[in-house]
Amino acid sequence: MASPSEFSSRSSSLGRKKVRLHSPRWITLSAVMISLAALVSCSEKIVQVPAPSPEPAALVIDGAQIWDGSGAPPVQDAVVVIKGDRIDAVGPRGAVTVPANARTIDAKGKTVIPGLINMHGHVGMTKALKQAKENYSKENILAQLKQYARYGVTTVMSLGTDFEPIFEVRGAAKPDESPRATVFTAGRGFTGKQGYPAVLPGNAGIPIEVDTVDEVKAHIQELARQKVDMVKIWVDDHWGHYTKIRPELYRAIIEEAHKQNLRVMAHLFYLADAKGLVEAGLDGMAHSVRDREVDPALIKSVKERKTFAVPTLTREESTFVYADPPAFLDDLFFSRWADPEVIKTLKDPAWGKKVKADPDFSKYAGQLKMGQKNLKKLFDAGVKIAFGTDTGPPARFQGYFEHRELELMVQAGLTPAQALQTATLNAAECLQVEKDFGTLEKGKRADLIVLDADPLENILNTRKISQVWIGGHEVN
Ligand SMILES: [Zn+2]
């Protein structure tokens with residue numbers, strides 16, 4: 001694994017992102033309730049108005065096991081102090097000064113972990129089981145960021161399918177908003193003229209289609225003006241069915257993006273394309289290599305250039321899992337926040353028939369296995385892995401799939417702690433936001449999940465969510 005110092009040295013040359021600080025809603029709310037109580041008392045002609053109890057100055061999560069995401073072992077009987085949107089103190093009882101007059105949450109027997117960071121998601125394009133540009137709106141983006149938040153996914157990088165409304169929403173929730181995931185954006189991603197995936201149903205008009213280096217330059221300048229957090233390219237022909245962007249164009253995209261201090265992540269599938277992209281200076285692989293095993297040449301090149309890798313194993317699973325209705329459709333952790341009509345459609349044999357009719361259907365389960373094999377190979381070789389799912393498109397469920405992704409990573413051979421670290425510190429480093437996100441440390445954002453059971457013992461315990469806190473606000 002690339003050492004954190006290697007990452008920060010590269011990060012610092014490109015600058016870091018700033019995230020606004022907001023005071024928590026519950027402090028504002030309690031202030032309003034106290035004033036309301038005083039008003040009611042006055043109207044009832046009670047002469048003596050009781051003095052309002054002072055507002056809590058801090059929130060304390062008390063007595064939990066804390067796994068802070070830094071790679072350190074968990075701390076038992078620990079205390080987290082939150083002030084505003086930040087962690088003010090964290091550590092074992094006795095080492096942390098608990099402020100007087102704090103609101104305290106008894107968390108004995110629970111485990112607290114940082115909120116999950118998804119390096120590859122999509123927001124705002126899907127409604128029910130249809131993806132289309134017409135669905136894209138501020139309202140739909142916010143609803144989906146809320147859905148991520150319910151599941152403890154507190155930050156998401158939206159990778160290449162975003163339009164104007166995202167620039168109003170990007171970053172953390174504003175003070176007047178209900179708590180939701182923080183979102184970063186790549187704006188619109190690139191493909192070639194009539195290239196994959198622009199030609200797929202539901203994708204018309206979403207990617208930027210380029211045919212010349214001059215077109216690339218103009219669009220990169222536009223993305224730089226929008227101050228996007230990443231640039232996205234799709235490099236794929238989907239088993240030869242569609243047109244793949246030409247290497248001269250993806251090289252120009254990477255080169256021009258770097259000139260603007262923007263980094264580039266690529267959708268890729270084939271080992272040969274991964275090699276070409278990494279040689280050209282790609283910053284992150286947005287999916288696993290899935291046509292064959294990664295070889296020593298790619299591993300060497302990825303390590304030299306410190307390219308990070310995002311596995312998106314659930315994306316592979318989603319291509320075949322609905323052939324017959326999967327058991328998770330009846331799992332309350334899924335169905336509680338899912339659209340019943342969507343569940344009904346996915347259980348309908350007609351849906352399964354359509355899935356099996358895909359001419360490449362027989363290849364898909366193998367692609368997942370290859371992705372898992374390559375995740376383990378890259379991880380063991382010391383390549384930086386950042387968590388990502390490619391959720392957001394139809395039937396790739398935001399929130400629920402992130403928990404399944406962790407399970408598939410553990411099945412691939414990572415320990416629960418290693419899988420969770422890809423979704424906390426590693427993802428924050430790959431986003432270059434580790435100053436504010438990714439671990440439970442003094443000064444960082446209070447984005448955390450309170451779990452009823454220990455995920456280090458069993459990764460399925462990430463689903464036993466008691467509370468999610470984002471920037472000091474509880475998600476509910
Ligand atoms: Zn994607």
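The model shown is predicted, which means the values in this text are computed figures rather than measured ones.

**Quick notes on the coordination of the zinc ion**
Every protein donor of the zinc ion is listed here as His 120 (NE2), His 122 (NE2) and Asp 390 (OD), and their distances to the metal cover 2.0 to 2.2 Å. In primary-sequence terms, the residues that donate to the zinc ion follow H-x1-H-x267-D. Side by side, His 120 and His 122 carry an identical accessibility label, which is buried.

**Quick word on the pairing of strand S9 (residues 153-158)**
Both faces of the sheet carry side chains from a regular strand, because those side chains alternate between them. Most of S9 is tucked away, with six of its six residues classed as buried. The pairing of strand S6 (residues 116-121) with S9 spans four bridges and is classified as parallel. When the sheet's bridge partners are listed, Asn 118 is paired in S9 with Val 156. As defined by bridge partners, S9 adjoins strand S10 (residues 182-185) across four bridges and the pair is classed as parallel. Its bridge partner being in S10, Val 156 is matched across the sheet by Val 183.

**As for the packing of helix H14 (residues 400-411) against helix H15 (residues 416-431)**
The contact between H14 and H15 brings their axes to 9 Å, and the two run at 135°. With respect to each other, H14 and H15 are oriented oblique. Judged by the twist between their axes, the crossing of H14 over H15 is right-handed. Side by side, H14 and H15 meet where Leu 406, Met 409 and Val 410 of the first sit next to Pro 416, Ala 419, Leu 420 and Thr 422 of the second. Taken together, the residues that form the contact of H14 with H15 break down as six nonpolar, one polar and no charged.

**So, the environment of Thr 345**
Secondary-structure assignment places Thr 345 in helix H11 (residues 340-347). A residue is classified by how much of its surface remains accessible, and Thr 345, at 32% relative accessible area, is partly exposed. For the pair Thr 345 and Ala 128, spaced 217 residues apart in sequence, the C-alpha to C-alpha distance is 9.8 Å. Ignoring anything within four residues of it in the chain, the contact list for Thr 345 reads Leu 129 and Trp 351.

**A few points about the side chain of Gln 421**
Its place among the elements puts Gln 421 in helix H15. Non-local contacts of Gln 421, meaning those with residues more than four positions away in its chain, are made with Trp 67, Gly 69, Ser 70, Gly 71, Asn 426 and Ala 427.

**Describing the pattern of salt bridges**
Counted by the stated rule, this structure contains 38 salt bridges. Note that Arg 445 and Asp 85 form a salt bridge whose closest N and O atoms lie 3.9 Å from each other. Taken together, the positions of Arg 445 in the loop between H15 and strand S17 (448-451) and Asp 85 in the loop between strand S2 (75-83) and strand S3 (86-92) put the pair 360 residues apart, joining distant regions of the chain. Summarising the burial analysis for this pair, Arg 445 and Asp 85 share the class buried. With a closest N to O distance of 2.6 Å, Glu 177 and Arg 180 form a salt bridge. Like Glu 177, the residue Arg 180 is buried in the burial classification.

Cut-offs and rules
Residues numbered from 1 in each chain as written. Predicted model: local features only at pLDDT ≥ 70, side-chain atom pairs only at ≥ 80, totals over all residues. Heavy atoms only, no water. Donors = N, O, S within 2.8 Å, 3.2 Å for Na, K, Ca; no water. Buried < 20%, exposed > 50% of the residue type's maximum accessible area, 1.4 Å probe, protein only. Helix = DSSP H or I, 4+ residues; strand = E, 2+ residues; numbered from the N terminus. Pairing = 2+ DSSP bridges. Axes fitted to C-alpha atoms, helices over the stretch in contact; angles between N-to-C directions. Parallel < 35°, antiparallel > 145°, perpendicular 65-115°, else oblique. Left-handed = near helix turned anticlockwise from the far one by under 90°. Contact = heavy atoms within 4.5 Å. Nonpolar A, V, L, I, M, F, W, Y, C, P; charged D, E, K, R; others polar. Salt bridge = Lys/Arg side-chain N within 4 Å of Asp/Glu carboxyl O.

Function cannot be inferred from these measures alone, as they are strictly geometric.
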